[in-house]
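# Results of the structural survey
Now for the letters of each chain:
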Amino acid sequence: RRQPPANRAPAAIIRGQEAVTRDVLSTALLIQGGHRVTSESNSKDRNDELERAAELGHRMRGIALIDVCRQALRMADIAEPVLPKDIARAALSTGELTNIFTTTFSAVLLSSYGEYPDTTQGWVRVAPVMNFTSQERKRLTSHTGLTKLGRGGTAEHAAPSDSGEAYKIARFARMATLDDQDIIDNRIGGITEIPNEMGRGAGRLRPDLVYGELRDN
């Protein structure tokens, strides 16, 4: 088995006059998973490239995951094993297959994240925090409730007082995995449905935390 050279042009497999690239395979997987594909780039050349990838990807939308692995091995210039399980394992060790799956996963994740509206924007204050240690926010408050003032009386002074609350930031995460068995069983949902759910969950996270605090206090 020959390892790919360290520096080379972006990998592509030529089908007739068409190149099967990472963009093409990612597009095919996205379409197969029922996701809309758009080309958004500041570069006209890049947009044209993405449009061509979308066209070929649409024609390859029925591709199985094991065939994506075969394409990845060809891109990496690695000999293709005979058995499907060996094909999957060999492809999983390449950067080409990782890039294909990562591109697809990220596209679904970001798209679904933007679908959930953040209803806390505009009335929740956001402040930068530099680390994960406990922080304290102090506030100067006063008893500003008004009291009845009799004729000729003098209004009472509002009495300011310090108050504070402790808080700290946290990181929220979830990991998704795809192994050789998922590839052999053609479980495409591992790279289309799971990131869709994770993206929506990430979009709901801040509103859920804010409304949870309001409910509990």
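Residues numbered from 1 in each chain as written. Predicted model: local features only at pLDDT ≥ 70, side-chain atom pairs only at ≥ 80, totals over all residues. Heavy atoms only, no water.

### Details of the overall build of the chain
The secondary structure content of the chain amounts to seven helices and four strands. Taken from N to C terminus, the helices and strands of the chain fall in the order β-β-α-α-α-α-α-β-β-α-α. In the chain, which comprises 217 residues, the proportion classed as buried is 26%. Pairs at least 24 residues apart make up 72% of the contacts formed inside the chain by residues separated by at least 6 positions. When the accessible surface of the chain is summed, it comes to about 15400 Å², and 50% of that surface belongs to carbon and sulfur atoms. (Helix = DSSP H or I, 4+ residues; strand = E, 2+ residues; numbered from the N terminus. Buried < 20%, exposed > 50% of the residue type's maximum accessible area, 1.4 Å probe, protein only. Contact = heavy atoms within 4.5 Å. Areas by Shrake-Rupley, 256 points an atom, 1.4 Å probe, with all protein chains shown as cover.)

### Notes on a nonpolar patch on the surface
Taken together, the side chains of Trp 123, Tyr 211 and Leu 214 define a hydrophobic patch exposed on the protein surface, amounting to about 330 Å² of accessible area. Within the secondary structure, Leu 214 sits in helix α7 (residues 189-216). Judged by its relative accessible area of 51%, Leu 214 is exposed. (Patch = residues over 30% accessible without salt bridge, like charges linked within 9 Å, V, L, I, M, F, W, Y side chains within 5 Å. Salt bridge = Lys/Arg side-chain N within 4 Å of Asp/Glu carboxyl O.)

### Notes on the pattern of salt bridges
All chains considered together, the criterion is met by 10 salt bridges. Of the charged contacts, one joins Glu 80 and Arg 74 as a salt bridge, the two residues approaching to 3.7 Å between their closest N and O atoms. Judged by its relative accessible area of 43%, Arg 74 is partly exposed. Ionic pairing is found between Arg 215 and Asp 216, a salt bridge with its closest N-O pair at 3.2 Å. Note on Asp 216: relative accessible area 56%, which makes it exposed. The network of salt bridges with shared partners includes Asp 67, Arg 70, Arg 74 and Glu 80.

### Details of the environment of Ile 87
Of note, Ile 87 is situated in helix α4 (residues 84-92). Here Ile 87 falls in the buried class, since its relative accessible area comes to 0%. Remark: the alpha-carbon pair of Ile 87 and Cys 69, spanning 18 residues in sequence, is separated by 6.7 Å.

### Considering the packing of aromatic side chains
In this structure the tally under the stated criterion is one aromatic pair. Ring geometry for Trp 123 and Tyr 211: centres 6.1 Å apart, planes at 40 degrees, overall tilted. Of this pair, Trp 123 sits in the loop between α5 (95-113) and β3 (135-142) while Tyr 211 is found in helix α7, placing the two residues 88 residues apart along the sequence. Residue Tyr 211 is classed as partly exposed on the basis of its relative accessible area, which comes to 36%. A cation over an aromatic ring shows up here: Arg 204 above the ring of Tyr 116, its NZ or CZ 5.9 Å from the ring centre. (Phe/Tyr/Trp six-rings, centres within 6.5 Å; stacked < 30°, edge-to-face > 60°. Lys NZ or Arg CZ within 6 Å of the ring centre and 35° of its normal.)

### So, unusual backbone geometry
Notably, Asp 77 is not glycine yet its phi reads approximately 60 degrees, a positive angle. The exposure class assigned to Asp 77 is partly exposed, which follows from its relative accessible area of 31%. Unlike most non-glycine residues, Asn 186 shows phi in positive territory, near 55 degrees. Tracing the backbone through its elements, the reader meets Asn 186 in the loop between α6 (180-184) and α7.

### Focus on α4
Listed in full, the buried residues belonging to α4 are Ile 87, Ala 88, Ala 90 and Ala 91. End-on view of α4: buried residues confined to an arc of 165 degrees, all on one side of the axis. Contacts from the buried residues of α4 go to α3 (65-75), α5 and α6. (Arc of directions from axis to C-beta.)

### Notes on the confidence of the model for the chain
Detailed conclusions should not be drawn from predicted coordinates in areas where pLDDT is low. On average, the chain scores 84 in pLDDT, and the residues at 70 or more come to 84%. The weakest mean pLDDT in the chain belongs to strand β1 (residues 13-15) at 41; the strongest belongs to α4 at 97. Within the model, the stretch residues 1-18 combines pLDDT values under 50 with 27 contacts to residues more than four positions away or in other chains. (pLDDT = per-residue confidence, 0-100.)

### Describing the side chain of Thr 94
By the element assignment, Thr 94 lies in the loop between α4 and α5. Judged by its relative accessible area of 5%, Thr 94 falls in the buried class. Leaving out residues up to four positions away in the same chain, Thr 94 has contacts with Ala 72, Leu 73, Ala 76 and Ile 78.

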